Amino acid sequence: MALVELIDVHFRYAGSEEYALRGVSLEAEEGEFVLLVGPSGCGKSTLLRVLNGLIPHFYEGDFRGVARVAGLDVPKTPPHVLARHVGMVFQDPENQLFLSSVEREIAFGLENMGLPRSEIRRRVREVLELFGLEELKDRAPYELSGGQQQKVAIASVMALEPRVLAMDEPTANLDPISALEILSLVSRLTREKGVLAIVVEHRLELALRFATRMVVMDGGRIVASGDPRRVVLEASRLVGFPPVVVAHQLLRNRGLIGGAPPLTPEALSEEILGVIGWRR
Amino acid sequence: MSSVLDVFRFRRKNTPLHRLDPRAKFAILVLFSAASLILNDLASLLLVLVAEVALLAVARSAGEWLRSLKGLSMLVAMILALNYLTLPSNRLFTALTLALRFICLTTAFSVFFLTTAADELATALEASGLPREYSIMFTMSLRFVPSLARDLQTISDALRCRGLELEKGGLRTRIRNYTYLLVPLIVYELRRSLMIAEALEARGFGALKRVEPYVELRLGRADYAAIATSCALLALTVALRFTSLYEAFVRLQLSIFGEL
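This structure is a prediction, so every number in the text was calculated from the model and none was measured.

A. How the structure looks around empty space enclosed by the protein. This structure, assessed with the given rule, holds three cavities of 30 Å³ or more. The calculated volume of the largest cavity comes to roughly 80 Å³. Lining of the largest cavity is provided by 13 residues; of these, Arg-104 of chain A together with Thr-123, Glu-126, Arg-132 and Ile-136 of chain B occupy positions nearest its centre. Of all the elements in the fold, those that place two or more residues in the lining of the largest cavity are helix H4 (102–112) of chain A together with helix H7 (118–127) and helix H8 (132–143) of chain B.

Take a look at the structure:
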């Protein structure tokens, strides 16, 4: 069975006329980096909230369809049980960090699970090491830079060892370099730990290179899904063309270059250098 | 406004006072505030203040305290003036004593809050039987004070950019201007609280009533010493306060002030 399995999911928020999700079906396996894109209000955030049970448990409304995560039936499983399987990271790190030290922040979720102190200590140590946060462990989260804060936010949900990491615009408040760092950290988690990452992200030029799959939503439906190189061309009406794709298209139309569009400026440069026969 | 709130803003430092268990610091707080309330003369209260400032110096926090005192100076001046103008006799002595008592009390709380992290305090409260929901609520209410101050700043900046002069005009205009500030602020904070609630859910908060906290509070030798000393000094203060010696001491001070 797939790690995440949604079949024909519909959801309408209580008090709203429109359905935010209208028949979404999605299967995803461990180790995937799924980039979820689409215009504002297309249902991306709502979809993420189905994965960790905030919908339908925290937000009331009309839920239909099948949602299974790690073999658990989402509508029948309380959010704190799902929290062990799905880590959720939000846009603003400030609203996800509550305590006075990084160390305690990471321990918070583990405390909530009722783990014994010795086990909490072990996992906190592991997570600090995995994320390279040992030096910051006594600092207050609100004293850290935005990138460090978001790293702490990810570390504190990963402490619960979830197999799915759902992220709602995790780099929206970050500068490009920190954003790149956070996304490559997530990519590392998918490769080394087999985590399934489902990431909502507007900055294609930063996120595309890490994606193993791209899913495009519009009006509460999934309108394209698959290899990012293909999907980025199919769904350009909704997501726009990243400059690297435009450059590739122009070169290809003049017959100078072939194949699918590269996902980073570096890859395009390599291709061009290859064509003109430049060797290092 | 921010400077008054500064009194209670914790800053992490590594000093003997910061390292004390919150419960030991609570004992010190009880000692100082009880002493400020039962002592009724200028000289003794001055002694209390000197002791408090000495502790603040040990905690390397005297600067923050002084800055916060500046914010409270209006209140102190008001206590002085109102008492001096309305009391029937011993006006200056009593007014000074009451103002000093106010300073001693707020300083006692500064000593506590400048050296105790909110979540350490919450852990101590939890260890003494407070339910986890309340201890976390307490931690977060302090944690989000700076965020609230920043939101307020953002909104008032945005209003100023559009030509609203918040500090101008008569009382009625000002009150109306502040509603312009308050409505978006409330909306802002409601939205923030929703996001915080989501993040709490996502980390399994509230699933269990009782959990084993990560930080283990253990009273060490220094903590026991601080608690014992506080208790002893408090007992001594209470005992001395109700002797004829204390009455004589107060009379002596009154005679110095004479008819003022």
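B. Structural context of the domain arrangement of chain A. Residue and element names in this part refer to chain A. Each assigned domain of chain A is listed here: domain 1 (4–230) and domain 2 (241–280). Inter-centroid distance (C-alpha atoms) of domain 1 to domain 2 is 33 Å. Contact with domain 1, which involves five residues of that partner, is made by eight residues of domain 2. Buried area between domain 1 and domain 2, both sides added, is near 630 Å², and the carbon and sulfur share of it is 73%.

C. Spotlight on the pairing of strand E3 (residues 33–37) of chain A. Residue and element names in this part refer to chain A. By the criterion of burial, E3 is predominantly enclosed, with five of the five residues buried. Residues of E3 alternate between two faces, with Phe-33, Leu-35 and Val-37 on one and Val-34 and Leu-36 on the opposite face, all of them buried. Pairing geometry for E3 and strand E8 (residues 196–200), over four bridges, is parallel. Along E8, the bridge assignment pairs Leu-35 with Val-199. Relative to strand E9 (residues 213–218), E3 runs parallel, the two being bridged by four bridges. What sits directly across from Val-37, in E9, is Val-216.

D. Geometry of the nonpolar core. By size, the foremost hydrophobic cluster in this structure holds 59 residues, and its most contacted members are Ile-106, Phe-131, Ile-154 and Leu-165 of chain A. Contact partners of Ile-154 of chain A, with chain neighbours within four places excluded, come to Val-89, Phe-131, Leu-165, Met-167, Ile-182, Leu-185, Val-186 and Leu-189 of chain A.

E. Just the pattern of salt bridges, in detail. Counted according to the given criterion, the structure contains 30 salt bridges over all chains. One continuous salt-bridge network, built from bridges that share partners, spans Glu-94 of chain A together with Arg-150, Asp-151, Glu-189 and Arg-192 of chain B.

Rules used throughout
- Residues numbered from 1 in each chain as written.
- Chains lettered and ligands numbered in written order.
- Predicted model: local features only at pLDDT ≥ 70, side-chain atom pairs only at ≥ 80, totals over all residues.
- Heavy atoms only, no water.
- 1 Å grid on protein atoms, 1.4 Å probe; cavity = no way out; pocket = protein on both sides within 12 Å on 5 of 7 lines; lining within 4 Å.
- Points joined across faces, edges and corners; volume = space filled by probe spheres on them.
- Helix = DSSP H or I, 4+ residues; strand = E, 2+ residues; numbered from the N terminus.
- Domains from an automatic or database assignment.
- Contact = heavy atoms within 4.5 Å.
- Buried area = accessible area lost by both parts, 1.4 Å probe.
- Buried < 20%, exposed > 50% of the residue type's maximum accessible area, 1.4 Å probe, protein only.
- Pairing = 2+ DSSP bridges.
- Core = buried A, V, L, I, M, F, W, Y, C linked by side-chain atoms within 4.5 Å.
- Salt bridge = Lys/Arg side-chain N within 4 Å of Asp/Glu carboxyl O.

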